Amino acid sequence: MTTPVITAVATRQGTRSHNADAATVHRLPGTPMVAAAIVDGIGNTADVVTFARTAAEVAARVGARRGPLLGILAAAEMATAPPGVQVEDGVAVAAVASADSSTTAIAWTGDSRIYGWTGSRLVQRSTDQTMGTWLRAWGGTAVTLHPDHGPDTTMPTEQAARVLDDLARAALGRCSIATVPICYISDPLVILTSDGAHSQIPHEELEALVRDHAHDPQTLAEAIVTAAQPDTDGYRDDATTIVVALPPRT
């Protein structure tokens, strides 16, 4: 009998009125497939909360049946509208784990993340689709920013990238089959996070939490969202984590 995939979910509301993060885990009956999805809603209203919860459910349920890429694209249909019509949107990650093969297919749009724990190292398996990431790849040695108010500012690329790390270049409402990456990983532990979790925890601290709690997925998920700290202005984003523990390869 195949050992099942173990999952754990934790979320913590930030300093705004609503928790606009949503997480869903879906097990496809009669199969070894388990899908997990996080949608981080853009904005902080009751409508955004409803959107995020529904989109995460769609991404996980379709993902379990059709894979994480089509799961995200199905959820993206909720963020489409005729020209000039404003609808809710969000960024998303999805993972589909197989207990039989001990592999996980992952896909994403935006700046939520997927990490893999190798047993000794924590590796970021997704790539943030943000202006900061784009600048690091293509920005040269210095970048001139054009703020809405005030004079232009020229600064080293890495400094400018940190300023723009929160500016997503992709979201559910702006994604397509050509912009949603998909890959397969074989890490025994897979961790999905909204940016309110990983952006407020240094990588070394996050890796230490995984090392300490890799044997207990629920404790690990709760430790990650608890560790997310406010910024210098006292603002703390919603923080959400899903931990997926795969059975050992046989």
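Each value, and the rule that gives it
Residues numbered from 1 in each chain as written. Predicted model: local features only at pLDDT ≥ 70, side-chain atom pairs only at ≥ 80, totals over all residues. Heavy atoms only, no water. Helix = DSSP H or I, 4+ residues; strand = E, 2+ residues; numbered from the N terminus. Buried < 20%, exposed > 50% of the residue type's maximum accessible area, 1.4 Å probe, protein only. Contact = heavy atoms within 4.5 Å. Areas by Shrake-Rupley, 256 points an atom, 1.4 Å probe, with all protein chains shown as cover. Pairing = 2+ DSSP bridges. Axes fitted to C-alpha atoms, helices over the stretch in contact; angles between N-to-C directions. Parallel < 35°, antiparallel > 145°, perpendicular 65-115°, else oblique. Left-handed = near helix turned anticlockwise from the far one by under 90°. Nonpolar A, V, L, I, M, F, W, Y, C, P; charged D, E, K, R; others polar. Salt bridge = Lys/Arg side-chain N within 4 Å of Asp/Glu carboxyl O. Expected span 1.5 Å × (residues − 1). Core = buried A, V, L, I, M, F, W, Y, C linked by side-chain atoms within 4.5 Å.

**Student:** I keep staring at the overall build of the protein chain and nothing clicks. Help me out?
**Tutor:** Broken down by element type, the protein chain carries seven helices and twelve strands. By the burial criterion, 49% of the 250 residues in the protein chain qualify as buried. Sequence-distant contacts in the protein chain: of pairs separated by 6 or more residues, those separated by 24 or more amount to 67%. Carbon together with sulfur atoms contributes 53% to the accessible area of the protein chain, which is approximately 11,900 Å² in total.

**Student:** When you look at the sheet that holds strand S12 (residues 239-245) in this model, what are you seeing that I'm missing?
**Tutor:** Adjacent strands of a sheet pair through backbone hydrogen bonds, lying either parallel or antiparallel. Pairing in this open sheet of five strands is antiparallel, and the strands run S1-S12-S11-S6-S7 from one edge to the other. Edge positions in the sheet fall to strand S1 (6-12) and strand S7 (122-124), since each has one partner strand and no second. Across the sheet, the mean angle from the axis of one strand to that of its neighbour is 20°, orientation sign disregarded. In terms of strand pairing, strand S11 (residues 189-193) meets S12 through five bridges, oriented antiparallel. Across the sheet, leucine 192 pairs through a bridge with isoleucine 242, a residue of S12. Along the sheet face, helix H6 (residues 203-213) touches strand S6 (113-117), S7 and S11 and points at about 50° away from the line of S6. Here helix H7 (residues 217-227) sits on the sheet and contacts S1, S11 and S12; the angle it forms with S1, its principal contact strand, is near 25°.

**Student:** How should H7 be read in this particular structure?
**Tutor:** An α-helix turns once every 3.6 residues. As a result, residues three or four positions apart point the same way. When we look at burial in H7, the residues that qualify are Pro217, Leu220, Ala221, Ala223, Ile224, Val225 and Ala227. Contacts made by the buried residues of H7 are with S1, S11, helix H5 (195-198), H6 and S12.

**Student:** Would you take a moment to explain the packing of H6 against H7 for this structure?
**Tutor:** To characterise two packed helices, one gives the angle between the axes of the helices and the distance between these axes. Remark: H6 packs on H7, axes separated minimally by 9 Å, with the N-to-C direction vectors making an angle of 155°. Comparing their axes, H7 and H6 come out roughly antiparallel. For H6 against H7, the interelement crossing comes out right-handed. Residue-level contacts link Glu205, Leu206, Leu209, Val210 and His213 of H6 to Pro217, Thr219, Leu220, Ala223, Ile224 and Ala227 of H7. For the contact of H6 with H7, the per-class residue count stands at eight nonpolar, two polar and one charged.

**Student:** I would appreciate a short explanation of the pattern of salt bridges in the present structure.
**Tutor:** Oppositely charged side chains can pair when the atoms bearing their charge come close. Counted according to the given criterion, the structure contains five salt bridges. With a shortest N-O distance of 2.9 Å, arginine 125 and aspartate 187 are connected by a salt bridge. Placement of arginine 125 in the loop between S7 and helix H3 (131-138) and of aspartate 187 in the loop between strand S10 (182-185) and S11 is noted, with a sequence separation of 62 residues between them. In this structure, the salt-bridge partner of arginine 211 is glutamate 207, at a minimum N-O distance of 3.9 Å. Here arginine 211 pairs with glutamate 207, and both are found in helix H6, just four residues apart, close to one helical turn.

**Student:** Quick question: what am I supposed to make of helix H1 (residues 46-66) here?
**Tutor:** The terminal C-alpha atoms of H1 lie 30 Å apart, and with 21 residues this matches the ideal 30 Å at 1.5 Å per residue to within 8%. Within H1 the residues assigned to the buried category are Val48, Val49, Phe51, Ala52, Ala55, Ala56, Ala59, Ala60, Gly63 and Ala64. Structurally, H1 contributes buried residues whose contacts are with strand S2 (21-27), strand S3 (33-41), helix H2 (68-76) and strand S4 (90-98). Once H1 ends, the next one or two residues include glycine 67, with phi positive near 100°.

**Student:** Please explain the sheet that holds S3 as it appears in this structure.
**Tutor:** Taking strand neighbours across the sheet as the criterion, the five strands line up as S2-S3-S4-S5-S10 in an open arrangement whose pairing is antiparallel. In this open sheet, the two strands that pair with only one neighbour each are S2 and S10. Strand after strand, the sheet turns through a mean of 15° between neighbouring axes, direction not considered. Direction of pairing for S2 relative to S3: antiparallel, over a ladder of seven bridges. Within S3, the residue paired with histidine 26 across the bridge is alanine 35. Across the face of the sheet, H1 comes into contact with S2, S3 and S4 while running at roughly 155° to S3.

**Student:** Which parts of the structure should I look at to understand the nonpolar core?
**Tutor:** Across soluble globular proteins, you tend to see nonpolar side chains buried next to one another. Ranked by size, the top nonpolar core spans 25 residues in total, and within it Val39, Phe51, Ala55, Ile72, Leu172, Cys175 and Val180 carry the most contacts. Residue contacts for phenylalanine 51: discarding those within four places in its chain leaves Val39, Met78, Ala79, Glu88, Asp89, Gly90 and Leu172. Residues Ile201, Leu209, Ala227 and Ala228 belong to the second largest nonpolar core, which totals 22 residues.

**Student:** What is the right way to read the side chain of aspartate 195 from this model?
**Tutor:** Locating aspartate 195 in the fold gives a position in helix H5. Discounting residues that sit within four places of it in the chain, aspartate 195 has contacts with Asp40, Asp111, Ser112, Gln200 and Asp237.

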